[in-house]
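Coordinates in review
One-letter residues, chain by chain:
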Protein chains: 2
Amino acid sequence: MIGIDPGLTRCGVGVVDVAPDRSARLVHVGVVRSAPDARIEKRLQTIAAGIRAALEEFMPDVLAVERVFAQHNRNTVMGTAQASGIALLLAAEHGIPADTHTPTEVKAAITGYGAADKLQVQTMVARILRLDELPTPADAADALALALCHAWRGPSAAAAAPAGALTPAQRAWADAERGARR
Amino acid sequence: MIGIDPGLTRCGVGVVDVAPDRSARLVHVGVVRSAPDARIEKRLQTIAAGIRAALEEFMPDVLAVERVFAQHNRNTVMGTAQASGIALLLAAEHGIPADTHTPTEVKAAITGYGAADKLQVQTMVARILRLDELPTPADAADALALALCHAWRGPSAAAAAPAGALTPAQRAWADAERGARR
């Protein structure tokens, strides 16, 4: 399971292994950077090389990337959309399915709260993966959160959890709280 | 010189040869299509395969792609941005420079009028390339117009033509009018 937080200046890449019991293990986390003063086609080539290297090294079975919306942060949204398109293309070219999740879906899956801030996401990602420190920068944590979200939620068109059951986020939160009290 | 009018459902691909005297010859025009009901990563793979095939067959020395803006047509703009990112990536991976031009720049370069409609662009592209019929669909004509625009204007940061001189579009229009009167 690989998650991509798309971007031109910083593109987060996170790889996790998720067991059938939904427990998760960190495999890799990193950020691919491209120089803001480089030509756009070179920047996209750098981002593609970084994603491709992770696909070849870790051979994930599915790729999840953040869904980009036109109305967000106009200055950078086109570069973000282009980077997301490249992540999706590379998934197809490596023969694995890809899916997109909105930031709200990711935050809700990870923290139980769709409007969670970056620190809350980083904190929960660290607890879920039993990391000694918060994953930084935020793009790296977001990439891990995307991968976890996809592992727990499944394809974005999948039905929601049955009413009354703990959501994966609620269960993870409960698990993490137990872990923190040990 | 290859021009790409980016899109997921229809992606225009146009290749022209432009002589030092700015006269132009049609080399190839086509549209790469992907099925609207296919998965996004498969659609982008189909678009990439079509652009890559044109790059390998015609070996253009530069690629021009339409610059996409966030505020245009929200429903499709993200797919358009993703396709444009893939065109830029493929240029870099084929070792050729890429550049973007806005629709207004392209219309102004081709017709002399930045708010020209699709028929005016198609008509001028047909005249410039001495085609017997209008290039269709509009995406194909737009791809040719992008290639011609880039050939005439040069890189998008280049200085404008000196005041008083005929712009390339004005010269082309004058040439085309002479041609049409023969």
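The numbers attached to residues start from 1 for each chain and follow its sequence in the written order. Each chain is given a letter, starting from A, and each ligand a number, starting from 1, according to the order in which they appear as written. Selection of residues for local features in this predicted model requires a pLDDT of at least 70, selection of side-chain atom pairs for listing and counting requires 80 or more, and totals for whole chains, interfaces and linings are taken over all residues. Side-chain figures throughout are based on the complete set of non-hydrogen atoms in the structure, without hydrogens or water.

A word on the UniProt feature "binding site: Mg(2+) 2" (unreviewed entry) in chain A
All names here are of chain A. UniProt positions are given in the numbering used here, feature names are shortened, and annotations may be inferred rather than shown by experiment. Residues annotated by UniProt as "binding site: Mg(2+) 2" (unreviewed entry) correspond here to Glu66. Of note, Glu66 is situated in strand β4 (residues 63-66). It only takes one pair of heavy atoms within 4.5 Å for two residues to be counted as in contact. In this structure Glu66 touches Ile4, Asp5, Pro6, Ser84, His101, Pro103 and Leu146, once residues within four positions along its chain are discounted. Helix and strand definitions follow DSSP, with helices as H or I runs of at least four residues and strands as E runs of at least two, each counted in order from the N terminus.

Here's the deal with the confidence of the model for chain A
All names here are of chain A. Summarising the model, chain A shows a mean pLDDT of 86, and 82% of its residues fall at 70 or more. Below a pLDDT of 50 lies the segment residues 157-165, which in the model reaches two contacts outside its immediate sequence neighbourhood of four places, other chains included. A score from 0 to 100, pLDDT tells how confident the predictor is in each residue. With pLDDT under 50 throughout, residues 177-182 is counted as low confidence; its partners more than four residues away or in other chains account for one contact.

Considering the relation of the copies chain A and chain B
The pair of chain copies shares a relation made of a rotation about an axis and a shift along it. Here the copies are superposed with least squares, the fitted atoms being C-alpha atoms of residues at a pLDDT of at least 70 in both. Each copy superposes on the other: chain A lies on chain B with an RMSD of 0.0 Å after a rotation of 180° and an axial shift of 0.0 Å. Within this description, the copies of the chain are treated as partners about a two-fold rotation axis. Distance from the rotation axis, computed per C-alpha, reaches its smallest value in chain A at Gln82(A): 2.2 Å. Comparing contact sets, 100% of the residues at the interface of chain A also lie at the interface in chain B, consistent with an isologous, same-surface contact.

Comments concerning the side chain of Ser84(B)
Within the element layout of this structure, Ser84(B) appears in helix α2 (residues 74-93). Sequence-distant contacts of Ser84(B), defined by excluding residues within four places in its chain, comprise Gln82(A), Pro6(B), Val65(B), Glu66(B) and Val68(B).

Here we look at the side chain of Glu105(A)
Secondary-structure assignment places Glu105(A) in helix α3 (residues 103-111). Those residues in contact with Glu105(A) that sit more than four places away from it in its chain are Thr100(A), Cys149(A) and Arg153(A).

Focus on the pairing of β4(A)
Residues and elements named next belong to chain A. Burial of β4 is two-sided: the residues Leu63 and Val65 facing one way and the residues Ala64 and Glu66 facing the other way are all buried. Two strands form a pair only when DSSP identifies at least two bridges running between them. In terms of strand pairing, strand β1 (residues 2-5) meets β4 through three bridges, oriented parallel. Residue pairing for β4: Ile2 is matched across the bridge by Leu63. The sheet contact formed by β4 and strand β5 (residues 98-101) spans four bridges and is parallel. Looking at the pairing, Glu66 lines up with His101 of β5. Accessible area is worked out with a 1.4 Å probe on protein chains only. A residue is then buried under 20% of its type maximum, exposed over 50%, and partly exposed in between.

Regarding the interface of chain A and chain B
Between chain A and chain B, the contact holds 26 residues from the first and 26 residues from the second. Counting the surface chain A buries against chain B, the share from its top three residues, Glu41(A), Met78(A) and Leu89(A), is 24%. Salt bridges, as used here, are contacts in which a Lys or Arg side-chain nitrogen is within 4 Å of a carboxyl oxygen on Asp or Glu. Applying the counting rule to chain A against chain B returns two salt bridges. The partner of Glu93(A) in a salt bridge is Arg52(B), with the nearest N and O atoms 3.2 Å apart. Throughout this description, a polar contact denotes any pair of N or O atoms lying within 3.5 Å of each other; where both atoms belong to protein, one of them has to be capable of donating a hydrogen while the other can accept it, and for residues adjacent in sequence the pair is counted only when both atoms sit in side chains. Across the contact surface, chain A and chain B share 10 residue pairs in polar contact (both at pLDDT 80 or more). At the level of secondary structure, the elements contributing two or more residues to the side of chain A that touches chain B comprise α1 (40-58) and α2 (74-93) of chain A. Ranked by the residues each element gives to the side of chain A that touches chain B, the list is headed by α2(A), at 12 residues. Nonpolar residues are Ala, Val, Leu, Ile, Met, Phe, Trp, Tyr, Cys and Pro. Charged residues are Asp, Glu, Lys and Arg, and all others, Gly as well, are polar. A per-class count over the side of chain A that touches chain B returns 15 nonpolar, five polar and six charged. Simply put, the buried area is the total loss of 1.4 Å probe accessible area from both parts when two parts are fitted together.

Thoughts on the environment of Leu26(A)
All names here are of chain A. Looking at the secondary structure, you find Leu26 in strand β3 (residues 24-33). Residue classification places Leu26 among the partly exposed positions, given a relative accessible area of 28%. Each C-alpha atom of the pair Leu26 and Leu129 lies 5.9 Å from the other, and the pair is 103 residues apart in sequence. When sequence neighbours within four positions are dropped, the list of residues in contact with Leu26 reads Val15, Leu129, Leu131 and Leu144.

Considering the sheet that holds strand β2 (residues 10-18) of chain A
Residue and element names in this part refer to chain A. Strand order across the open sheet formed by five strands is β3-β2-β1-β4-β5, with mixed pairing between neighbours. Here the strands that pair on one side only, and so sit at the sheet edges, are β3 and β5. The sheet shows a mean angle of 20° between the axes of neighbouring strands, direction not considered. Most of the contacts of α1 go to β3, to which it runs at about 155°, and overall it touches β1, β2, β3 and β4. Only the contacting stretch of a helix is used when fitting its axis, a line to C-alpha atoms as for every element, and angles between N-to-C directions run 0 to 180 degrees.

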